[in-house]
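For reference, the chains in residue letters:
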Amino acid sequence: TQLLEQSPQFLSIQEGENLTVYCNSSSVFSSLQWYRQEPGEGPVLLVTVVTGGEVKKLKRLTFQFGDARKDSSLHITAAQPGDTGLYLCALNTGNQFYFGTGTSLTVIP
Amino acid sequence: GAVVSQHPSWVICKSGTSVKIECRSLDFQATTMFWYRQFPKQSLMLMATSNEGSKATYEQGVEKDKFLINHASLTLSTLTVTSAHPEDSSFYICSARGAVAWGEVYEQYFGPGTRLTVT
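Position labels on residues start from 1 in each chain and follow its written sequence. For this description, chains carry letters from A and ligands carry numbers from 1, given in the order in which they are written. The model is predicted, so local features are restricted to residues of pLDDT at least 70 and side-chain atom pairs to those at 80 or more, both for listing and for counting; the totals for chains, interfaces and linings are taken over all residues. Based on all heavy atoms of the structure, the side-chain values leave hydrogens and waters out of the count.

> Describe the overall build of chain B, with residues and values.
Secondary structure summary: chain B contains 0 helices and 11 strands in total. Secondary structure counts use DSSP, requiring at least four H or I residues in a row for a helix and at least two E residues in a row for a strand, with both numbered from the N terminus. Ordered by position from N to C terminus, the α and β elements of chain B give β-β-β-β-β-β-β-β-β-β-β. Every radius of gyration here is taken over C-alpha atoms, with the globule rule written as 2.2 Å times N^0.38, N being the number of residues. Here the C-alpha radius of gyration of chain B, 14 Å, is about what a compact globule of 119 residues would show, namely 14 Å. Expressed along its principal axes, the backbone C-alpha trace of chain B runs to roughly 45 × 30 × 25 Å. Only protein chains enter the area calculation, which uses a 1.4 Å probe; residues under 20% of their type maximum are buried, those over 50% are exposed, and those in between are partly exposed. Residues classed as buried in chain B amount to 48% of the 119 residues present.

Laid out in structure tokens, this is it:
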């Protein structure tokens, strides 16, 4: 059972373009996390959002938690080839930890 | 930050044999560890939650007799793939839950993964 649906599943863009990845659920969450994974490695935590409507920025990455805490988005400005990877949202409640369906991003130089 | 290691990083085995993958938390004690399976360009699928000293809780559709999980100590959990077949070939990742929570969120520390190829 996938609690977290991400869209798009695959995304291939040119360097310099902007993009947005979405993470949606029918359930309300107390918090949500975003991870980035490169091939052959484990996921790396990017951010945790806990408050409805919260916006966090990490350099060119902007993360938003929906007002109802059922969805989140990740916006990348001026994408670079180094941004290529698998982006995953995740539900982390201590005893439960589930990843979203994932978005595979390729940034073409 | 906390470090989680996995061993081996990659393994090739023949069909019908068993393979054991180790997950260790190197500088903290982890009462809970998670095991995931991942196919190329897909998300990580939770296989089971492992609690120290007790039986693992398996996700629906995961065969407990095929994927044996042992969490004998606070720093070590093992996943044994028994009677492996080519369809078991995958990337297996473990994570360890941190001991300290802020709010309701515990830190999750991920291992680097183990690439299993069954021939």
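> Report on the sheet that holds strand β8 (residues 71-76) of chain A, specifying residues and quantitative values.
The strands that make up a sheet pair up through hydrogen bonds in the backbone, lying either parallel or antiparallel. All names here are of chain A. Strand pairing follows a simple DSSP-based rule, namely that at least 2 bridges must link the two strands. The 5 strands are arranged β1-β3-β8-β7-β6 in an open sheet whose pairing can be described as antiparallel. Every other strand in the sheet has two partners, leaving β1 (5-7) and β6 (55-58) as the edge strands with one partner each. Direction aside, neighbouring strands of the sheet carry axes that sit 15 degrees apart on average. The pairing of strand β3 (residues 19-24) with β8 spans 6 bridges and is classified as antiparallel. Bridge pairing in β8 places threonine 20 opposite histidine 75. All axes are obtained by fitting lines to C-alpha atoms, using only the stretch in contact for helices, and the reported angles, taken between N-to-C directions, cover 0 to 180 degrees.

> Could you give an account of the interface of chain B and chain A, with specific residues and numbers?
By a widely used convention, the size of an interface equals the accessible area lost when the partners come together. With 22 residues of chain B at the contact, the number on the chain A side is 27 residues. Buried area adds together the accessible area that both of two parts lose upon being put together, with accessible area traced by a 1.4 Å probe. Taken over both partners, the interface formed by chain B and chain A buries close to 1,900 Å², and the fraction arising from carbon and sulfur atoms is 55%. Salt bridges are identified by distance alone: a Lys or Arg side-chain nitrogen within 4 Å of an Asp or Glu carboxyl oxygen. The interface formed by chain B and chain A includes 0 salt bridges. Put simply, the parts of the chain that give the side of chain B that touches chain A at least two residues each are β4 (32-38), β5 (44-51), β9 (90-102) and β10 (105-110) of chain B. The element contributing the most residues to the side of chain B that touches chain A is β10 of chain B, with 5 residues. Classifying every residue of the side of chain B that touches chain A gives 12 nonpolar, 5 polar and 5 charged. The contact criterion used throughout is that any non-hydrogen atoms of two residues lie within 4.5 Å. The nonpolar class holds Ala, Val, Leu, Ile, Met, Phe, Trp, Tyr, Cys and Pro. Asp, Glu, Lys and Arg form the charged class, and all remaining residues, Gly among them, are polar.

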